[in-house]
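Residue-level listing of the chains:
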Amino acid sequence: MKRGHKAVIEAGTLLPVLCDTLFTRWSSMSTEWDDGIRQGGKAPKKGSAQEAAPVGVNPPSAEAEMDEAQRFSEQQRVRREKLARLQAEGRDPFAVVRFDQTHHSAELKAAFEALEKSGTVPEGQGARIEGVSVAGRIMSFRDGGKASFVDLQDRDGRIQLYINIDDLGAEEYAHIKTFDRGDIVGVTGFVFRTRRGEISVHVKTIQLLTKGLEPLPEKYHGLQDTEVRYRRRYLDLVMNPEVMETFKRRTKIVSAIRDYLDSREFIEVETPILANIASGAAARPFITKSNALNLQLYLRIATELYLKRCIVGGMERVYDMGKNFRNEGIDIRHNPEFTMIELYQAYTDYKGMMELCEGLVSHAAVKATGATKVNYQGTELEFAAPWRRVTMIDAVKEYGGPDFKLISTDEEARALATERGLEGELKKKLKDCTKGDILNAAFEKFAEKNLIQPTFVMDYPTDISPLTKQKPGDPTMTERFEAFIYGREVANAYSELNDPIVQLDRFRQQAREKELGDDEAYALDEDFVSSLEVGMPPTGGMGIGIDRIVMFLVDAYSIRDVILFPTMKPDLG
RNA sequence: GGGCCGCUAGCUCAGCUGGCAGAGCAGCAGACUCUUAAUCUGCGGGUCGCAGGUUCGAUGCCUGCGCGGCUCACCA
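This part covers the nonpolar core. Ranked by size, the top nonpolar core spans 47 residues in total, and within it Ile-257, Leu-261, Cys-357, Phe-383, Phe-481, Met-542 and Leu-553 carry the most contacts. Looking at which element gives the most residues to this core, the answer is helix α12 (residues 350-369), with 10 residues. Setting aside anything within four residues of it in sequence, one finds Phe-383 in contact with Glu-358, Val-361, Ser-362, Ala-365, Thr-372, Val-374, Pro-454, Ile-485, Phe-552 and Leu-553. In this structure, Phe-179, Val-201, Ile-206 and Leu-208 belong to the second largest nonpolar core, which totals 26 residues.

With respect to the element layout, Arg-233 can be found in helix α9 (residues 233-239). Within the local environment of Arg-233, its side chain forms a polar contact with the backbone oxygen of Arg-560, the two atoms lying 2.6 Å apart.

Now for unusual backbone geometry. Here the bond from Ala-385 into Pro-386 is cis, since omega is 0°, no more than 30 degrees from zero. Following the sequence through the fold, Pro-386 ends up in the loop between β13 (379-382) and β14 (388-391). Positive phi is not limited to glycine here, since Gln-377 has a value of about 50°. On the secondary structure map, Gln-377 appears in the loop between β12 (373-376) and β13. Of note, Asp-459 is a non-glycine position whose phi angle comes to about 70°, a positive value. Asp-459 gets classed as buried once you look at its relative accessible area, which sits at 11%.

Looking at the element boundaries, Thr-539 is found in strand β19 (residues 539-545). The spatial distance from the C-alpha of Thr-539 to the C-alpha of Thr-478 is 14 Å, given a sequence separation of 61 residues. Sequence-distant contacts of Thr-539, defined by excluding residues within four places in its chain, comprise Ile-311, Tyr-344, Gln-345, Ala-346, Tyr-347, Thr-348, Tyr-494, Ser-495 and Glu-496. Reaching out from Thr-539, the side chain makes a polar contact with the backbone oxygen of Pro-537 at a distance of 2.7 Å.

Okay, α12 next. Taking 1.5 Å of rise per residue, 20 residues should cover 28 Å, and α12 covers 28 Å from first to last C-alpha, within 8% of that figure. With 14 of 20 residues buried, α12 is to be regarded as a mostly interior element. The N-terminus of α12 is capped by Asp-349, whose side-chain oxygen sits 3.0 Å from the backbone nitrogen of Lys-351. Where α12 ends, the next residue or the one after it, Gly-370, has phi of about 85°, a positive value.

Looking now at the confidence of the model for chain A. Low pLDDT marks regions whose predicted coordinates should not be analysed in detail. Overall, the predicted model of chain A reaches an average pLDDT of 87, with 87% of residues at or above 70. In this model residues 1-66 is a low-confidence stretch, pLDDT under 50, and it forms 86 contacts with partners more than four residues away in sequence or in other chains. Overall fold confidence for the complex sits at a pTM of 0.87, while the interface term, ipTM, reaches 0.92.

Those residues of helix α14 (residues 410-419) lying buried are Ala-413, Arg-414, Leu-416 and Ala-417. Along α14, the residues classed as buried sweep out an arc of 160° about the axis, all on the same side. Away from the buried face of α14 by more than 90 degrees, exposed residues Glu-411 and Glu-419 are located. Where α14 is buried, its residues contact α15 (435-447). Gly-421 lies just past α14 and shows a positive phi near 65°.

Moving on to the sheet that holds strand β2 (residues 147-154). Strand order in this closed barrel of 5 strands is β1-β2-β3-β5-β4, and the pairing throughout is mixed. Strand after strand, the sheet turns through a mean of 55° between neighbouring axes, direction not considered. As paired elements, strand β1 (residues 129-143) and β2 share 6 bridges and run antiparallel to each other. Across the sheet, Ile-138 pairs through a bridge with Leu-152, a residue of β2.

Following the criterion strictly, the structure yields 37 salt bridges and no others. Residues joined by salt bridges that share partners form a network here, namely Lys-82, Asp-180, Asp-183 and Lys-211.

Among the 8 residues in strand β18 (residues 488-495), 7 count as buried, and that is most of the element. Relative to β18, strand β17 (residues 474-485) is paired through 6 bridges, and the arrangement is antiparallel. In the sheet register, Glu-482 faces β18, and the bridge partner there is Asn-492. Counting the residues between successive antiparallel strands, the hairpin from β17 to β18 contains 2 residues, one of them, Tyr-486, with a positive phi of roughly 55°.

How two aromatic rings sit relative to each other is set out by the distance from centre to centre and by the angle between their planes. Evaluation of the coordinates by the stated rule reveals 10 aromatic pairs. Through a chain of ring-to-ring contacts, the aromatic side chains of Phe-149, Tyr-162, Phe-190 and Phe-192 assemble into a single cluster. Residue placement shows Arg-128 over the ring face of Phe-190; its charged tip is 3.7 Å from the ring centre. Here Arg-264 stacks its cationic end above the ring of Tyr-260, 3.6 Å away from the centre of that ring.

Right, let's get into the sheet that holds strand β7 (residues 274-275). Strand order in this open sheet of 3 strands is β7-β9-β8, and the pairing throughout is antiparallel. Only two strands of the sheet have a single neighbouring strand rather than two, namely β7 and β8 (287-290). Where β7 and strand β9 (residues 295-299) come together, 2 bridges link them in antiparallel fashion. Residue pairing across strands places Leu-274 opposite Leu-299, the latter belonging to β9.

It is worth spelling out the pairing of strand β11 (residues 337-346) at this point. The buried count for β11 comes to 9 of 10 residues, which makes it a mostly enclosed element. Summarising the sheet, β11 and β19 pair through 7 bridges and their orientation is antiparallel. Bridge pairing in β19 places Glu-342 opposite Gly-543.

It is at 9 Å that the axes of helix α11 (residues 304-312) and helix α17 (residues 526-534) come closest, and there the two elements cross at 20°. Relative to α17, α11 is oriented roughly parallel. Every pair of crossing elements has a handedness; the one defined by α11 and α17 is left-handed. Every residue of α17 that contacts α11 at Leu-305, Lys-308, Arg-309 and Val-312 is listed here: Asp-527, Phe-528, Ser-531 and Val-534.

Calculation rules
- Residues numbered from 1 in each chain as written.
- Chains lettered and ligands numbered in written order.
- Predicted model: local features only at pLDDT ≥ 70, side-chain atom pairs only at ≥ 80, totals over all residues.
- Heavy atoms only, no water.
- Core = buried A, V, L, I, M, F, W, Y, C linked by side-chain atoms within 4.5 Å.
- Buried < 20%, exposed > 50% of the residue type's maximum accessible area, 1.4 Å probe, protein only.
- Helix = DSSP H or I, 4+ residues; strand = E, 2+ residues; numbered from the N terminus.
- Contact = heavy atoms within 4.5 Å.
- Polar contact = N/O pair within 3.5 Å; in protein donor to acceptor, adjacent residues only side chain to side chain.
- Expected span 1.5 Å × (residues − 1).
- pLDDT = per-residue confidence, 0-100.
- Arc of directions from axis to C-beta.
- Pairing = 2+ DSSP bridges.
- Axes fitted to C-alpha atoms, helices over the stretch in contact; angles between N-to-C directions.
- Salt bridge = Lys/Arg side-chain N within 4 Å of Asp/Glu carboxyl O.
- Phe/Tyr/Trp six-rings, centres within 6.5 Å; stacked < 30°, edge-to-face > 60°.
- Lys NZ or Arg CZ within 6 Å of the ring centre and 35° of its normal.
- Parallel < 35°, antiparallel > 145°, perpendicular 65-115°, else oblique.
- Left-handed = near helix turned anticlockwise from the far one by under 90°.

Printed below as a string of structure tokens:
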């Protein structure tokens, strides 16, 4: 992937005077460009004058400029030359500031078909919509000596342009033939249907609005290279319509979730991303630093403890939908930054959260796909309520694991773990594990992967649920569920623990876990405990992984396919 | 972190056992007034991911590194 960034022209192609002007102008811009490139753009591929040159000092020497010229491809040079000519002729496309669209491609096609069906078009005449203007990117050219066809792509799709020399005159027609794939144009004209049946815009005027300086990927195969697709998502969006569709659908899902909650009187709030203590989940945080405070801070791993403070404060129903950051591995289901919604509702419990979860997800499914049944990677998933409910203990037994109803002590559980080969699933040394740890391990080993249709797994061990209320009558278990779809956890909810004295004990137990080597044990947040002392009503709370829900609803194999700019290592070398 | 695979023209891909680097699209020049992967004629275009090594000779073999993908492990 070899690409140039600085504007360089070939001297021989232009008048010397023009040449001087352009070199001066572009040289003065180039330092700015360098800054931009260093911030977020693509670094130059090899060791080079550009890398060595101090940033923001002097413009590169003429020698360095010529060096730069060497690393443009032939096609990049041609496009820069075309741009230079346009600018010399006073037709700088980058000087254009606005273009008013009357329509987008899809609505134009819909309107035209509606007109044809309306029966108002006189016999023997073709339908027409006069006075339209559209804008977009040129995706392909079928040019002829006196008439050409162009595929124009805008936000909603493509529409064909018909360009005829009779409408524009020979000079303008010749000018248009210098346009390239990837250029952005605005046209005016009327809509008609060609003899071959394609709804098209018969162009009366056409204006270049932006020159594309880089050749587009191939029109037929498009952009396939996964790495380039993720690194340069803008190209992926241009070339792959299904990618555009995926992200439009993601937006619909997010909107549907907000609508659902807003209509149930939830208040959307924003809690801190920069945190003194990263708590509320079992995960390692990213560490950052405030210069002003000379203080180490963490990026949040959950919003839970702040949202519960809002409940203490009396908001009753709150949610925060936003990014969380977990300093962990990356794979098809995990991106270091991901979007989660957490919501809390006073005066209900985890069963209330189940109903909310079913309702919310099936609502999003309908809004995004039109149905509650969705095909995911060849498997039909049914999101309509009610979802299956099963206790963790029953699920383990059902899928071939041991019967934990027969186990009462940690010793028995540890013996069982050895017997059933569960050591590999445990985070701690076997001797430090409780019955709860081993039940959880057994669940992950036997049950999890089998939970294909949406399922609530209820009643988690207290040991692994430090923010959750215990079950009445069984202090070893809590009122917690996780929702599983296609073997993946998508939601986690509790009857929230609101007893500050018990909560402090649970945090202290987590501190002991940390000493036993669990570097993901929950961190103690004393102010949060203080807030519970003020008094939190009985409350149900839930977190839902938005990216994972989106994956199911857009049939994405990898989480990177639903995140516009997934985390990547820098592209060096 | 382990294993496997990939990295060749702007893009999509060939490239045999180590012997002058290829095609299609795109680009350039020309023809063509209803094309749609338009067509026809001609022409350019390469740091074969990077660095070493072996060899008379390396895109190919060896070693190391980089980035990506899949997978296992870790991890919600």
